[in-house]
Amino acid sequence: MELYYSFSILIVLAAVFAYINARFLKLPSVIGIMVISMLFSIGLVTTGRFFPKTFSGFLNLLSGFDFTELVMGAMLNFLLFAGAIHIRLKDLKEQMWQVLTLSTVSVVISTLVVGYLFHFGMGLIGLQIPLVHCLLFGALISPTDPIAVLSILKQTSVSQSLKTKIAGESLFNDGVALVLFILIRGIAEGSAVDITPKGISILFIKEAVGGITLGIVIGYIGSIMIKQIDDYTVDVLITLAIVMGGYLIAGQLHVSGPLAMVAAGLIVGNYGRDKAMSETSREYVDRFWELNDEILNAILFLFIGFEVLLIPEWKVYWLPGVIAIVIVLFARYISIIIPARLIKFNKKLSKQSILILVWGGLRGGVSIALASSLSEHTNKNMILTVTYFVVIFSIIIQGLSVGRLTGPRSFSTRRRRVSRKLDRTVNPGL
């Protein structure tokens, strides 16, 4: 019952904050909820000395949740499946090489650039952080967060091809990022980790390839089951079973659950949904997963806003946090520009596309969850605080402005509109 009461409080707060945002702030839903929850947290801290019981009670409520397990073990699987089910394989195939490059080569480059620059930057301000810990920060902050990216992209006017690149990268880069994170964390914590090329290859194949293979299998099995019936309630239950059962199987096989959910979502969305479901089932399945996506995103971004209360040293590490924001953006640019210049894609990336990929590479709950999973002797408090700074900047500043950089409201489109207005001024008959 205690867990039920805790979730009830969070759902009530999410609903109230969502209402306040829709009624007054009118920001994108997830950003609005996060901003209000941050202000609420700051208000609790400010008034905590006047209402100590209220402050400590709410703090105990939040502390009772394992953020890492909540995100990585529960929410992420549902949100990845909900995002992947609406991605067209045809669009993904057209951007295949660019998506693969961004989700593999770019993650490795970014991890190294962030790690070395952060180590150098901390030295300049008098913080001697071991290089391996800085590389660990690079590994957890380099992958773009699929939850943040997909939720923000829904409310922007980004072109479809660019949206596919950004979304595809964010869905698939977890495999490489998690392998890097596991390897570097093992070194940092003194664990016996096989860092030979053979060991790294085996770990990558087991995590990434194994996860994708599992997702394809369960996605096809679920789609075949759906094709044999015509009952929308059973169809929804089957998709739900794919996510929940797939996560349990991935855990037992020690393969990547997130990649399994992405692969399963793509199969169900492009085969099960389009070819095996009736129109009625398709409508109910779409509405179920859209609603599920919105509710879980609201709760997740509520948690991100409340993290202010769980990071006591954010005032101490504000300068490393600001430095980290600059470094992460620079590393993101380097990790995109190098592959774009060295690898021949079927379509060359334009300067505007590179700008969007850099600015649209949002970080979110996954990075915070990975930072929360660190042990105390890996500079956890500092890394967690710095990660929070980067995530907040990414979601609020980058998330609110990314839609203005491209799409129908891009500079070239605005220039054409201005030109047409001038033509009408000069020649009213047009």
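(A) Focus on the overall build of the protein chain. Of the regular secondary structure elements, the protein chain holds 20 helices and 0 strands. A compact globule built from 430 residues would reach a C-alpha radius of gyration of about 22 Å, and the protein chain, at 22 Å, matches this within 12%. Once the C-alpha set of the protein chain is aligned to its principal axes, its extents read approximately 65 × 65 × 55 Å. A total of 430 residues make up the protein chain; the buried ones form 53% of that total. For the protein chain, long-range pairs separated by at least 24 residues make up 83% of all intrachain contacts whose partners lie at least 6 apart in sequence. Surface exposure of the protein chain reaches about 20300 Å², of which carbon and sulfur atoms provide 66%.

(B) Molecular detail of the nonpolar core. By size, the foremost hydrophobic cluster in this structure holds 128 residues, and its most contacted members are Phe118, Phe137, Leu140, Leu300, Phe301 and Ile304. Not counting residues within four places of it along the chain, the set of residues in contact with Leu300 comprises Phe67, Val71, Met75, Leu79 and Ile147.

(C) Inspection of the side chain of Asn173 at higher detail. Looking at where Asn173 falls in the secondary structure, it is placed in the loop between α10 (160-172) and α11 (174-188). Those residues in contact with Asn173 that lie beyond four places of it in its chain are Ser103, Val107, Pro143 and Thr144.

(D) Representation of the confidence of the model for the protein chain in the model. For the protein chain, the average pLDDT comes to 86, and 92% of its residues sit at 70 or higher. When pLDDT is averaged over each element of the protein chain, helix α7 (residues 105-124) comes out on top at 96 and helix α20 (residues 411-426) at the bottom at 45. Confidence drops under a pLDDT of 50 for residues 408-419, and excluding neighbours within four residues, the segment shows 10 contacts in the predicted structure.

(E) Quick look at a nonpolar patch on the surface. Taken together, the side chains of Phe120, Leu124, Ile125, Trp318, Leu319 and Val322 present a nonpolar region at the surface, about 590 Å² in accessible area. Looking at the nonpolar patch, the elements with two or more residues in it are α7 and α16 (318-342). Counting residues per element, the nonpolar patch draws most heavily on α16, at 3 residues. In this structure Ile125 comes out as partly exposed when scored by relative accessible area, which is 34%.

(F) Structural view of the environment of Gln98. Within the fold, Gln98 resides in helix α6 (residues 96-103). Between the C-alpha atom of Gln98 and that of Val366, which follows or precedes it by 268 residues, the distance is 23 Å.

(G) How the structure looks around the environment of Thr387. Within the secondary structure, Thr387 sits in helix α19 (residues 380-401). By relative accessible area, which is 0% here, Thr387 ends up buried. Thr387 sits 62 residues away from Ile325 along the chain, and the two C-alpha atoms are 8.9 Å apart. Among residues more than four places away in sequence, those in contact with Thr387 are Phe137, Leu140, Ile141, Ser367, Ile368 and Ala371.

(H) Region of the structure containing unusual backbone geometry. A positive phi angle, close to 60 degrees, is found at His254, a residue other than glycine. Within the element layout of this structure, His254 appears in the loop between α13 (232-253) and α14 (257-276). Of note, the phi angle at Asn379 is positive, near 60 degrees, even though the residue is not glycine. Of note, Asn379 is situated in the loop between α18 (365-372) and α19. Relative accessible area serves as the criterion here: at 26%, Asn379 is assigned to the partly exposed category.

(I) View of the packing of aromatic side chains. Taken as a whole and judged by the stated rule, the model has 16 aromatic pairs. Here the aromatic cluster, defined as three or more aromatic residues joined through ring pairs, consists of Phe7, Phe65, Phe67 and Phe303.

(J) Representation of the packing of α10 against helix α17 (residues 351-359) in the model. Where α10 meets α17, the closest approach of the two axes is 11 Å, and the angle between their N-to-C directions is 40 degrees. You can see that α10 and α17 cross each other, and the crossing is right-handed. Along the contact surface, α10 presents Leu162, Lys165 and Ile166, while α17 presents Ser353, Ile356 and Leu357. Taken together, the residues of the contact of α10 with α17 sort by class into 4 nonpolar, 1 polar and 1 charged.

(K) Structural context of the environment of Ala148. Here Ala148 lies in helix α9 (residues 146-153). Considered as a pair, Ala148 and Glu189 are 41 residues apart in the sequence and their alpha carbons are 29 Å apart. In this structure, Ala148 is in contact with Phe301, Leu362, Arg363 and Gly364, ignoring residues within four places of it in sequence.

(L) Looking closely at helix α1 (residues 2-25). Taking 1.5 Å of rise per residue, 24 residues should cover 34 Å, and α1 covers 33 Å from first to last C-alpha, within 8% of that figure. Along α1, the positions that sit buried rather than exposed are Ser6, Leu10, Leu13, Ala14, Phe17 and Asn21. Elements that come into contact with the buried residues of α1 comprise α2 (29-47), α3 (52-63) and α15 (279-310). In the stretch just after α1, Lys26 is the one whose phi turns positive, near 60 degrees.

(M) Highlighting the packing of α3 against α15. Viewed as axis vectors pointing N to C, α3 and α15 meet at an angle of 120 degrees, and their least axial separation amounts to 10 Å. Classed by the angle they form, the pair α3 and α15 counts as oblique. Crossing of α3 against α15: the hand is left-handed. Between α3 and α15, the residues in contact are Phe55, Phe58, Leu59, Leu62 and Ser63 and Phe303, Phe306, Leu309 and Leu310, respectively. Its residues placed into classes, the contact of α3 with α15 shows 8 nonpolar, 1 polar and no charged.

(N) Representation of the pattern of salt bridges in the model. The full count for this structure, using the stated rule, is 6 salt bridges. When the shortest N-O distance is used, the salt bridge between Arg332 and Glu169 registers 2.6 Å. With Arg332 in helix α16 and Glu169 in helix α10, this residue pair connects regions lying 163 residues apart in the sequence. As far as the burial class goes, Arg332 and Glu169 line up, both buried. Asp274 is paired through a salt bridge with Arg273; the nearest N and O atoms lie 2.8 Å apart. Given a relative accessible area of 31%, Asp274 falls into the partly exposed group. Here the salt bridges do not stand alone but share partners, grouping Arg88, Arg273, Asp274 and Asp286 into one network.

The rules behind the values
- Residues numbered from 1 in each chain as written.
- Predicted model: local features only at pLDDT ≥ 70, side-chain atom pairs only at ≥ 80, totals over all residues.
- Heavy atoms only, no water.
- Helix = DSSP H or I, 4+ residues; strand = E, 2+ residues; numbered from the N terminus.
- Rg over C-alpha atoms; globule rule 2.2 N^0.38 Å.
- Buried < 20%, exposed > 50% of the residue type's maximum accessible area, 1.4 Å probe, protein only.
- Contact = heavy atoms within 4.5 Å.
- Areas by Shrake-Rupley, 256 points an atom, 1.4 Å probe, with all protein chains shown as cover.
- Core = buried A, V, L, I, M, F, W, Y, C linked by side-chain atoms within 4.5 Å.
- pLDDT = per-residue confidence, 0-100.
- Patch = residues over 30% accessible without salt bridge, like charges linked within 9 Å, V, L, I, M, F, W, Y side chains within 5 Å.
- Salt bridge = Lys/Arg side-chain N within 4 Å of Asp/Glu carboxyl O.
- Phe/Tyr/Trp six-rings, centres within 6.5 Å; stacked < 30°, edge-to-face > 60°.
- Axes fitted to C-alpha atoms, helices over the stretch in contact; angles between N-to-C directions.
- Left-handed = near helix turned anticlockwise from the far one by under 90°.
- Nonpolar A, V, L, I, M, F, W, Y, C, P; charged D, E, K, R; others polar.
- Expected span 1.5 Å × (residues − 1).
- Parallel < 35°, antiparallel > 145°, perpendicular 65-115°, else oblique.

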